[in-house]
Amino acid sequence: MTEALFFGEDLGAGANKLYGPNGGLQLQAIVAADTGQPVTQLLGFRSHKPPLKIGIGGMNFYVGPGAHNWGRGIENLDYERMTGVPETRAIVYGILTRYAQQYGPLEAPLHLIVGLPLEPLSGEQAQANADAVRRWLIGEHNWEADGQPCSIQVDEVKVTSQPSGALFDYLLDDTGQFIPTRRAHFNQEVGIVSVGFNTLELLTVSDRTVVQGMTAGRTLGVRRLLELLNGENLHTLGELDTLLRAGRLDVRQALPVWAREITGQIEKTWGNRWKRFAQIIIVGGGALLLRDALIDRFNGRLHIPDDPVMAISRGLYKLARQQANRRKA
């Protein structure tokens, strides 16, 4: 029997992050529907290699950086996108393609732990939302990547929150074992701040239990910063995000405004109670932009991982390894 491959999957709105036994990678979550034959062979212009093209059931999508320059941009940022709509499948198949290209074929069945934002995992629809994600991910998947057939088998899917992945990235090593110097924090009070593309997520855990009154998710992620810069709607969010990642977007005026919105939401949710936390962990792409402001605010109590963008998917992978170890024990 072929042993399963364990992966942590962060279904982020700005980028899809996948972490497995060989390491991790991310694919910017930019999707465009293929609208036909591109214009080529023009003298005097630079030519660019097209983004990865994913074919699903007769539909074709460009995915990743530059996709909006090659087709009709699709920017679906509601939570329904996580339930297997075609553009989300294209991104997931795109990152699986890139992972196989970089690390080798994914020939064994996959076991996934998937991280979702807190909002779809809250309230009466929480179970239904988690079940919808599991349903579309489990089973056999077939697609084309730049015209080449690809397939994988997913045998198991578990769903948890994105900030939970950040906590386990902090607590566990790459084998799924507790880091001795941090294990005690799991029995204390810890705060997690996840600043993704779409959402700001605040998770508080005390003695291995979620503190509901100090946990919240709001649509205040990096997307909000980009909206402040896009007052006339001259660009898609994907285009602005690409410029931001390349260091070609001037955020000097908008960044302090956005930072105050973030710290204001933290203040509303935690007040001064963060002073009793054993540790505060900040992850996500926003951690890179807000690093100085949050370090000042939390007076040296802050832990920022070596790679805050990949920390959630890496933590979910570590959690998958821990659970696999327990099964073998």
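Residues numbered from 1 in each chain as written. Predicted model: local features only at pLDDT ≥ 70, side-chain atom pairs only at ≥ 80, totals over all residues. Heavy atoms only, no water.

(A) Region of the structure containing the sheet that holds strand β5 (residues 52–56). Spatially, β3-β2-β1-β8-β10-β9-β5-β6-β4-β7 is the arrangement adopted by the 10 strands of the open sheet, whose pairing is mixed. Every interior strand has two partners, whereas the edge strands, β3 (23–28) and β7 (72–74), have only one. The average undirected angle you get between the axes of adjacent strands in this sheet is 35°. Across three bridges, strand β4 (residues 31–33) lies against strand β6 (residues 59–63) in antiparallel orientation. The partner of alanine 32 across the bridge, within β6, is tyrosine 62. Relative to the sheet, helix α2 (residues 126–137) contacts β8 (110–116), β9 (139–145) and β10 (148–161), its axis offset from that of β10 by approximately 155°. Packing of helix α8 (residues 311–328) onto the sheet brings it into contact with β1 (5–11), β2 (15–20), β8 and β10, and relative to β1 it is tilted by some 145°. (Pairing = 2+ DSSP bridges. Helix = DSSP H or I, 4+ residues; strand = E, 2+ residues; numbered from the N terminus. Axes fitted to C-alpha atoms, helices over the stretch in contact; angles between N-to-C directions. Contact = heavy atoms within 4.5 Å.)

(B) Layout of helix α1 (residues 86–103). Taking 1.5 Å of rise per residue, the 18 residues of α1 would be expected to cover 26 Å, and the 25 Å separating its terminal C-alpha atoms lies within 8% of that figure. Listing the buried residues of α1 in full gives Glu87, Thr88, Ala90, Ile91, Val92, Tyr93, Gly94, Ile95, Leu96, Thr97 and Tyr99. Once α1 ends, the next one or two residues include glycine 104, with phi positive near 110°. (Expected span 1.5 Å × (residues − 1). Buried < 20%, exposed > 50% of the residue type's maximum accessible area, 1.4 Å probe, protein only.)

(C) Up close: the nonpolar core. In this structure, Ile54, Leu96, Leu110, Leu112, Val114 and Val133 are the most contacted members of the largest nonpolar core, which totals 36 residues. The element best represented in this core is α1, accounting for seven residues. Contacts of leucine 112, omitting those with residues within four sequence positions, involve Phe7, Leu137, Val154, Glu156, Val157 and Lys158. Counting 33 residues, the second largest nonpolar core, distinct from the first, contains Leu226, Leu244, Trp258 and Ile280. (Core = buried A, V, L, I, M, F, W, Y, C linked by side-chain atoms within 4.5 Å.)

(D) Up close: the pattern of salt bridges. Considering all chains together, one arrives at 14 salt bridges under this definition. We note a salt bridge from lysine 17 to aspartate 10, for which the minimum N-O separation is 3.6 Å. Like lysine 17, the residue aspartate 10 is buried in the burial classification. Its salt-bridge partner being glutamate 261, residue arginine 224 comes within 3.0 Å of it at the nearest N-O pair. Of this pair, arginine 224 sits in helix α4 (residues 222–228) while glutamate 261 sits in helix α6 (residues 254–270), and the two are 37 residues apart along the sequence. We classify glutamate 261 as partly exposed; its relative accessible area is 23%. Look at the salt bridges and you will find they share partners, linking Asp169, Asp306, Arg314 and Lys318 into a network. (Salt bridge = Lys/Arg side-chain N within 4 Å of Asp/Glu carboxyl O.)

(E) Inspection of the pairing of β5 at higher detail. In terms of burial, β5 is largely enclosed, as four of its five residues are buried. Judged from the five bridges that link them, β5 and β6 form a sheet pairing that is antiparallel. Of the residues in β6, the one forming a bridge with lysine 53 is tyrosine 62. Linking β5 back to β6 in an antiparallel pair, the connection comprises two residues, with glycine 57 at a positive phi of about 55°. In this sheet, β9 lies alongside β5 in antiparallel orientation, the contact comprising two bridges. Note on β9: the bridge partner recorded for isoleucine 54 is alanine 145.

Spatial relationships are all this shows, so hold off on functional conclusions.
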